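Spelled out from the first residue to the last, the chains are:
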Amino acid sequence: MGISVQNITGNTAMVFWPSMSSCADSFYSIMYQSNWNTMMSDYSKKNFQKEERIPTSRTFFTIENLTPLTTYILCVTCQSATPSSDQCTNFHTLGQDPSTKNSRKKDLALGIWLTSSILLVIIACILIYGCLHIWWRKRQEMAREQNVGHNEKISREAWTKDNGVPMEIYEETEISELREENKKEHVCIEDKQLNMTTNLPLNNKEDKHLKCTNNDEVTDDLN
């Protein structure tokens, strides 16, 4: 049949074959398999693990992804027919090309670099998002605090305007009066305890305290 294999490397080989008139309206089938001598004893189609279908407009094809330093058997038939011996040939691939090894290493390094870059970009985006989120929350808290302070200021100004007395002075006065009331209650309680424990004559000051105590007792009785 005149099949020839040319431009053989460690991973590729180019196959040429003559045109077949019987395949004018069909396709060519290229079947090939490695290690023919150890795996097969005939040209049965089921023994070929790889097959390529080529349009009848072409009479050549480049086989790729071959194994270096390996013997292959290759057959070209019409429309996946069972091949005969004159439709097959053997060829042996070369050793691995150093440039191919370097190219694969470069491709691997490039892939690793791209993957690492993408991961770094994702991590950077996450960190930036987290920082912006924290910054935005702090800004909202500061705005709320400013609003609360502003509202308190407005309330104090409104109080001063309505009552004629600043709210700070009013609060101080309220605190002073509360302290005075607490002090009087404390004195009355002491006088009450003294009156209960002693029956001595009372002077004017003690009499006033006693009246305070008596008023408290009357208030308690009414309650």
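Located above this text is the structure these notes cover.
Residues numbered from 1 in each chain as written. Predicted model: local features only at pLDDT ≥ 70, side-chain atom pairs only at ≥ 80, totals over all residues. Heavy atoms only, no water.

Draft legend 1. View of the state of the cysteines. For the coordinates displayed, the defined rule picks out two disulfides. Paired through a disulfide, Cys 23 and Cys 78 show a sulfur-sulfur distance of 1.6 Å. Remark: Cys 78 occurs in strand β6 (residues 71-78) and Cys 23 occurs in the loop between β2 (13-16) and β3 (27-34); sequence separation between them is 55 residues. The burial state of Cys 23 is the same as that of Cys 78; both residues are buried. The partner cysteine of Cys 75 in its disulfide is Cys 88, sulfur to sulfur 1.8 Å. Disulfide Cys 75-Cys 88: torsion about the S-S bond near 110 degrees, hence right-handed. (Disulfide = S-S within 2.5 Å. Helix = DSSP H or I, 4+ residues; strand = E, 2+ residues; numbered from the N terminus. Buried < 20%, exposed > 50% of the residue type's maximum accessible area, 1.4 Å probe, protein only.)

Draft legend 2. Here's a closer look at the packing of aromatic side chains. All told, the structure shown has four aromatic pairs when counted by the stated rule. Measuring from centroid to centroid gives 5.5 Å for Trp 17 and Tyr 28, while their planes differ by 70 degrees, and the two rings are edge-to-face. Of this pair, Trp 17 sits in the loop between β2 and β3 while Tyr 28 sits in strand β3; the two residues are eleven residues apart in sequence, bridging distant segments of the chain. For the pair Trp 17 and Tyr 28, a shared accessibility class is recorded, and that class is buried. When the ring of Trp 135 is compared with that of Trp 136, the centres are 6.4 Å apart and the planes differ by 50 degrees; the resulting orientation is tilted. Judged by its relative accessible area of 44%, Trp 136 falls in the partly exposed class. The positively charged end of Arg 58 is found above the aromatic ring belonging to Phe 60, 5.2 Å away from the centroid. (Phe/Tyr/Trp six-rings, centres within 6.5 Å; stacked < 30°, edge-to-face > 60°. Lys NZ or Arg CZ within 6 Å of the ring centre and 35° of its normal.)

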